[in-house]
Amino acid sequence: MRSLPTRRTLLGASAAALGSGLLTACGGGSPSGGATARTGHGAMHHGGSPADGPPGYVDPAGPEVRAAEAARKATGPLTEVRLTATATPLDLGGGHTVRSWAYGDTLPGREVRATAGGTLSLTLANNLPEATSLHWHGLALRNDMDGVPGLTQRDIAPGGSFTYGFALAHPGTYWFHPHTGVQQDRGLYAPLIVEDPKEPLSYDKEWVVVLDDWIDGVDGATPDAVLAELRKGAGGQGGAHAAHGPAGRPGGTASARPSPAGAPSYLLVGADSDILGAEAGDVAYPHYLVNGRVPEDPSVFTARPGDRIRLRIVNAGGDTAFRLALGGHEMTVTHADGFPVRHATARSLLLGMGERYDVLVTAQDGVFPLTALAEGKDRSALAVLRTGTGTAPTAATRPAELDAAPLMAGSLLPDESAALAERTPDRTLALRLTGSMNRYDWAFDGTPYTPDQRHPVTAGERVRVEFRNATPMWHPVHLHGHTFALGGAGGARKDTAIILPGGRLTADFDADNPGLWMVHCHNVYHSESGMMTVLGYQA
Ligand code: C2O
Ligand code: CU
């Protein structure tokens, strides 16, 4: 059950011709625009728009979407990948082997590398006992390949498969995961690196760093059981957080709340962060991982002293923000969510779920901890950089760099090449984040997600989304298919951004990618509880 990435590099116009022919043969990106899903019984279903939404909106496989795809003029290399989502044992190191669901038998799934200006064709076979889907986090791609079941495609049934085929418009650090239930909080995630054929940075080595919080398969736990507990949560018991509010919290230490029934509880209380607030997370995870390894048995990256290393950092967690630092090093931040920023130095970074940063470091001589502190949770994940001799850091190592206030996206400026031009918004959408931990009723504007919701925009508009967080918890909000300017034109480009408790966030973007696009919190338990909605291009 290994994933079998294959890569064929072709040049010039012949690649485009071959690419489109091949995609047609695979059933993805066919000329009719219909996504095609194959079931285990071999029947073919034409995707098109699976949801019967309100009339007057662009169809995910409609002519506007096909025209936008054609305008991307993908003439570069074609990358072909075959992937199997399957139940498998995963070795997390340190004697921890869990049964989970993953892409192949590795955690994270093997990275996919492709080239901007080229085409990606990925066939996902579903060997899971449940329907699944695959979403390309951060990509501005054709809407019918965005991987949202019930909105942009049909479920990929157990035993079925689906071929995603699309042009890659932008280079950068991305990742992919299911958009089905809480499957993302299992092992179903992998990095997607879109290389820039005209890469302006020079560096000696690349280190892809994927952060995660882990519970699946530990003492029988599953993300579905976690969600069930959160949902009945506090509501039935008068409020876990109410009972353990800041005054009653034992010594400010985050801990799992003992369950009245004596069953293991995953609810977290007292996850206090001086940045994210008193509810930095909902879930007490048994493990925090870098590249699929527990801190007692970390992955080791080897380089030479003086090497310039590009780190591509992805937070693939379900409910954990990570504060990350490389002991003994300063980082130069070069990209946020795949897009270039004006270089900024940082001793530590804070990543909400779904956020990515690229940084450059110049390796010192020795052995150094790359520590990712689970913000507010008093636990950490670890990887090691080794360029010489020295004592290996341990899970308890706390680099001094973590004490500095971590860099967040709001302090970054876009690189000139990525700046959104100044323009008065043609339309402003107001979205209020609502809900509470006690009721577990996360939503936008008090209305939990249904696939027929539409916040209308029109192609060609400059759109401003004004998010207002009316909850006591922070949320990493994510917009599909676009990379907005944070805080309005002039801000760093992002597809996922942290909104603090009670805070606001302005996100400006050009409506240049027609379709139906999710807006949601990237806390997987919040989104699955209802904190999602849909931005719809009017036909
Ligand atoms: Cu990474 Cu809709 O999500
Ligand atoms: Cu949230």
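Residues numbered from 1 in each chain as written. Chains lettered and ligands numbered in written order. Predicted model: local features only at pLDDT ≥ 70, side-chain atom pairs only at ≥ 80, totals over all residues. Heavy atoms only, no water.

Draft legend 1. Inspection of the coordination of the copper ion (ligand 2) at higher detail. For the copper ion (ligand 2), every protein donor is listed as H475 (ND1), C521 (SG) and H526 (ND1), and the spread of their distances is 2.0 to 2.1 Å. The motif formed by the donor residues of the copper ion (ligand 2), counted along the single chain, is H-x45-C-x4-H. Given a relative accessible area of 0%, C521 falls into the buried group. (Donors = N, O, S within 2.8 Å, 3.2 Å for Na, K, Ca; no water. Buried < 20%, exposed > 50% of the residue type's maximum accessible area, 1.4 Å probe, protein only.)

Draft legend 2. Looking closely at the pattern of salt bridges. A complete count under the given rule lists 26 salt bridges for this structure. A salt bridge links R72 to E69; its shortest N-O distance comes to 2.6 Å. Residue classification places R72 among the buried positions, given a relative accessible area of 18%. E69 gets classed as buried once you look at its relative accessible area, which sits at 13%. Here R113 ties to E111 by a salt bridge, and the two come within 2.6 Å at their closest N and O atoms. Classification of R113 as buried rests on a relative accessible area of 18%. (Salt bridge = Lys/Arg side-chain N within 4 Å of Asp/Glu carboxyl O.)

Draft legend 3. Layout of the packing of aromatic side chains. For the coordinates displayed, the defined rule picks out nine aromatic pairs. Seen in terms of ring centroids, W136 and Y164 are 6.0 Å apart; in terms of plane orientation they differ by 75°. Their pairing is edge-to-face. In this pair, W136 is assigned in strand β8 (residues 135–137) and Y164 in strand β9 (residues 161–167), connecting sequence segments 28 residues apart. In this structure W136 comes out as buried when scored by relative accessible area, which is 0%. The interplanar angle of 50° and the centroid separation of 5.2 Å between the aromatic rings of W136 and F176 together place this pair among those described as tilted. Of the two residues, W136 sits in strand β8 while F176 sits in strand β10 (residues 172–177), which places them 40 residues apart along the sequence. Members of the aromatic cluster, each reached through a chain of ring pairs, are Y103, W136, F162, Y164, F166 and F176. Directly above the aromatic system of W101 lies the positively charged group of R186, at a separation of 3.8 Å from the ring centroid. A cation sits over an aromatic face here: K205 above F301, 5.8 Å from the ring centre. (Phe/Tyr/Trp six-rings, centres within 6.5 Å; stacked < 30°, edge-to-face > 60°. Helix = DSSP H or I, 4+ residues; strand = E, 2+ residues; numbered from the N terminus. Lys NZ or Arg CZ within 6 Å of the ring centre and 35° of its normal.)

Draft legend 4. The sheet that holds strand β27 (residues 455–457), seen in detail. In spatial order, the strands read β27-β35-β34-β29-β32; together these five strands make up an open sheet with mixed pairing. A strand with exactly one partner marks an edge of an open sheet, and here the two such strands are β27 and β32 (496–499). Taking each pair of neighbouring strands and ignoring which way they run, the sheet shows an average axis angle of 25°. With five bridges joining them, strand β34 (residues 516–521) and strand β35 (residues 532–537) adopt antiparallel strand pairing. Bridge pairing links V519 to T533 in β35. (Pairing = 2+ DSSP bridges. Axes fitted to C-alpha atoms, helices over the stretch in contact; angles between N-to-C directions.)

Draft legend 5. Fine view of the nonpolar core. With 118 residues, the main nonpolar core has W136, L349, F467 and Y525 as its most contacted residues. The residues touching W136, leaving out its near neighbours within four places in the chain, are L120, L122, L141, M145, D146, Y164, F166, W175, F176 and L192. In this structure, W175, V210, V218 and V314 belong to the second largest nonpolar core, which totals 16 residues. (Core = buried A, V, L, I, M, F, W, Y, C linked by side-chain atoms within 4.5 Å. Contact = heavy atoms within 4.5 Å.)

Draft legend 6. Examining the confidence of the model for the chain more closely. Residues of the chain with pLDDT of at least 70 account for 85%, and the chain-wide mean is 88. Predicted confidence for residues 1–48 stays below pLDDT 50, and this span has 105 contacts to residues more than four positions away or in other chains. Below pLDDT 50 for its whole length, residues 235–253 participates in 23 contacts with residues either more than four positions away or in separate chains. (pLDDT = per-residue confidence, 0-100.)

Draft legend 7. Representation of helix α2 (residues 63–71) within the structure. Those residues of α2 not exposed but buried are V65, A68 and E69. Projected down its long axis, α2 carries its buried residues within an arc of 100°, all on one side. Turned more than 90 degrees away from the buried face of α2, the exposed residues are P63, A70 and A71. The secondary structure elements touched by the buried residues of α2 are β9. K73 occupies a position one or two residues after α2 and carries a positive phi of about 45°. (Arc of directions from axis to C-beta.)

Draft legend 8. Fine view of the side chain of R310. You can see R310 is positioned in strand β17 (residues 308–315). In contact with R310, not counting residues within four places along its chain, are E199, L201, Y203, K205, E206, W207, H335, D358, V359 and L360.

Draft legend 9. Up close: the sheet that holds strand β26 (residues 443–444). Ordered in space as β26-β25-β28-β33-β30-β31, the six strands form an open sheet in which the pairing is mixed. Two strands in the sheet have a free side with no partner beyond their single neighbour: β26 and β31 (493–494). The pairing of strand β25 (residues 427–434) with strand β28 (residues 462–469) spans seven bridges and is classified as parallel. Bridging from a neighbouring strand, T428 pairs with R464 of β28.

Draft legend 10. Quick look at unusual backbone geometry. Here L107 and P108 are connected by a cis peptide whose omega angle stands at -10°. Its identity as a non-glycine residue notwithstanding, K73 has a phi of 45°, on the positive side. One can find K73 in the loop between α2 and β4 (78–91). According to the relative accessible area criterion, K73 is exposed, its value standing at 63%.

Draft legend 11. Structural detail: the pairing of β34. Counting buried positions along β34 gives six out of six residues, so the element sits mostly inside the fold. Burial along β34 is two-sided: L516, M518 and H520 facing one way and W517, V519 and C521 facing the other are all buried.

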